[in-house]
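# Structural overview
What follows is the residue order along each chain.
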Amino acid sequence: MSKKKTYLTLFFILILTILSVYFNFPEYFNKYQPIEKLRMSEIPFKLGLDLQGGTQLIYEADLTNIEEKDRGTTMDGLKDIIERRVNLFGVQEPVVQVQQSSNNTYKLLVELPGVKDISEAIEMIGQTPFLEFREERDAKETEEIINKQKELQEKIKTNNLSLEDIENQQILYTDPYFKSTNLTGKYLKKAELVFDQNTQKPMILLHFTDEGSRIFAELTEKNVGKKLAIYVDGNILSAPVVQEKISGGNAQITGEFTVKEAQELVRNLNAGALPVPIKLASQQTIGPTLGMLSLKQSLKAGIYGFIAIILFLIILFRLPGFLASLSLGIYVSLVLSVFKIIPVTLTLAGIGGFILSIGMAVDANVLIFCRLREELKQGKDFRVALEEAFRRSWPAIRDGNLTTLIVALILFFLGTSFIKGFALTLMIGIIFSLFTNIFITKNLLRIFVGTRFEKIKWIW
């Protein structure tokens, strides 16, 4: 590459670096920027729960009545509904993730940055009702369940047992009169409040999706003359007798509730009726003081580590080490810009992944500079030695970074929230470290080709 192209490339890198620094820390530039139109809007870094503070809730989903092949889709629907629900409350950047354990159970992780009141957070999720239709059991089946329940209750009372000691304890919680169907809030399109023309009592009119309409028609057809109960959060609201098959995808809920209660139920149903019941398994609050302390300590550790790396490079490799330090500074600025643009949620684990990627970048520099010394010791011209150093170091750099990248990808797709954050920042860091090492550092070194500095052996 000619010197002119090298200088143009470095000029482009300089402009890109200035823009990225401006983008990362606009508050410092805007303070001294007299022209209003040239001031950049201040986009904050997206901080995770462990740095910003907030509430973390973990819910267990009851997928007993969902076929195994449909459980993944059902959990995705549940995730979408919970996201919509918390967004209605104005929570900034909530995190809602589905977690599947090895025993094929599903949990829902909900992180609400900035929400410090656990009761408020639980209310956000808990107000979203679980809507389902249940069909009436046969009299014989009802009698069998009731008898089994009485038998178990008597056994518990007589032997002074706890529920954990009882086999088939789920029978105690089984509804003896109605059994669950496939028609749940998953298929609800819209709910609206109407009033009975004769009694003026409030009613809730439900409109189902196309699939829900089909299921509802099948249910009413096979239950003519029987009751079809409407449950919300396990409580029966209405159990009308089906007179005939109902097509068209509409149903109504009637019950002894006030207008205010009906309005609240309609609002919650429209916010998203849950496709499956959920139970709060754990809750945790992280205060802003602890979060900011963690952030400051992480940044301090990162700065000290970065300074130590720069000193190491300069002491060991002299001028190439100084140029590599400039390259690392550009690397940090570019990666932070990407974190803002995507945006990446920065957690303690994510910051750890970023710092680790800096170490990977230094590792590549060490390989290149050691090879450069070897080539120069063989008496080769500086230009030839430089090109050979990069060419011969590339296979080791490529393989080392590629294997780390593969591991990071596995962690990202199979790991949980904090592991995903670590893997994502590590992947972004590795990709940009390759760019800075092979492109920026190489062009910085090319400046000295053909100059008197290449004759000064001790600086290389």
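Our subject is the structure listed above.
Structural notes, computed from the coordinates. Everything quoted here is computed from the prediction, not taken from an experiment.

Thresholds, definitions, all that
Residue numbers restart at each chain and count upward from 1, following the sequence in its written direction. Local features in this predicted model are restricted to residues of pLDDT 70 or higher, and side-chain atom pairs are both shown and tallied only at a pLDDT of 80 or more, whereas totals for entire chains, interfaces and linings draw on every residue. Think of the side-chain values as coming from all heavy atoms in the structure, minus any hydrogens and water. Only runs of H or I of at least four residues qualify as helices and only runs of E of at least two qualify as strands under DSSP, and these elements are numbered from the N terminus. Throughout this description, buried means an accessible area under 20% of the type-specific maximum (1.4 Å probe, protein chains only), exposed means over 50%, and partly exposed covers the range between. In this analysis, two residues are considered to be in contact whenever any of their non-hydrogen atoms come within 4.5 Å of each other. Using the Shrake-Rupley algorithm and a 1.4 Å probe, accessible areas are obtained, with residue cover drawn only from the displayed protein chains. Any pair of Phe, Tyr and Trp rings, taking the six-membered ring for Trp, is counted once the centres come within 6.5 Å. Such a pair is stacked with planes under 30 degrees apart, edge-to-face with planes over 60 apart, and tilted for the rest. Whether a set of points on the 1 Å grid over the protein atoms alone is a cavity depends on a 1.4 Å probe fitting there but being unable to get out, while an open set qualifies as a pocket with protein on both sides within 12 Å along at least five of seven lines; lining residues are those with an atom within 4 Å of a point. Grid points are joined across faces, edges and corners, and a volume is the space filled by probe spheres set on the points. Residues are grouped as follows: Ala, Val, Leu, Ile, Met, Phe, Trp, Tyr, Cys and Pro are nonpolar; Asp, Glu, Lys and Arg are charged; all remaining types, including Gly, are polar. Lines fitted to C-alpha atoms define the axes, with helix axes restricted to the stretch in contact, and inter-axis angles between N-to-C directions lie between 0 and 180 degrees. Throughout, the term roughly parallel applies to angles under 35 degrees, roughly antiparallel to angles over 145, roughly perpendicular to angles from 65 to 115, and oblique to all others. Definitions for this section: a left-handed crossing has its near helix turned counterclockwise from the far helix by less than a right angle. A right-handed crossing has that turn clockwise. One speaks of a salt bridge when a side-chain nitrogen belonging to Lys or Arg is within 4 Å of a carboxyl oxygen belonging to Asp or Glu.

Attention now goes to the overall build of the chain. Across its full length, the chain carries 13 helices and eleven strands. Residue burial in the chain is summarised as follows: out of 460 residues, 43% are buried. For the chain, contacts bridging at least 24 residues in sequence account for 71% of all contacts bridging at least 6. If you sum the accessible surface of the chain, you get close to 25200 Å²; carbon and sulfur atoms cover 58% of it.

Note on aromatic pairs: each is described by the distance of the centres and the angle between the planes. Tallied over the full model, the rule gives ten aromatic pairs. Centre to centre, the rings of F339 and F354 are 5.5 Å apart; their planes meet at 80 degrees, and the pair counts as edge-to-face. Within this pair, whereas F339 is found in helix 10 (residues 319-341), its partner F354 is found in helix 11 (residues 348-377), the two being separated by 15 residues in sequence. Under the relative-accessibility criterion, F339 is labelled buried at 2%. Here the aromatic rings of F448 and F453 are separated by 5.7 Å at their centres, their planes lie at 85 degrees, and the arrangement is edge-to-face.

Before going further, it helps to examine the layout of surface pockets. Here the largest pocket defines a volume of roughly 990 Å³. Lining of the largest pocket is provided by 33 residues; of these, T64, N65, E132, S180 and T181 occupy positions nearest its centre. Those elements that place two or more of their residues in the lining of the largest pocket are strand 4 (131-136), strand 5 (178-184) and helix 7 (210-222). Along the lines of polarity and charge, the residues of the lining of the largest pocket split into ten nonpolar, nine polar and 14 charged.

Below, the discussion takes up the packing of helix 10 against helix 11. Axis separation between helix 10 and helix 11 bottoms out at 11 Å; the angle between their running directions is 150 degrees. Taken together, the axes of helix 10 and helix 11 lie roughly antiparallel to each other. Considering only the axes of helix 10 and helix 11, their crossing is right-handed. On helix 11, the residues touching P320, G321, A324, L328, Y331, V332, V335, L336 and F339 of helix 10 are F354, S357, I358, A361, V362, N365 and F369. Classifying every residue of the contact of helix 10 with helix 11 by side-chain character gives 13 nonpolar, three polar and no charged.

Moving on, we get to the pattern of salt bridges. Side chains that differ in charge, positive against negative, can pair when their charged atoms come close. In the structure shown here, the tally under the stated rule is 17 salt bridges. E132 is the partner of R134 in a salt bridge, and the nearest nitrogen-oxygen pair spans 2.7 Å. Relative accessible area serves as the criterion here: at 5%, E132 is assigned to the buried category. Between R214 and E218 there is a salt bridge, with the nearest N and O atoms lying 2.7 Å from each other. Of this pair, R214 and E218 both sit in helix 7, four residues apart, roughly one helical turn. When its relative accessible area of 40% is taken as the criterion, R214 is described as partly exposed. Through salt bridges with shared partners, one network takes in R371, E375, K380, E388, R391 and R392.

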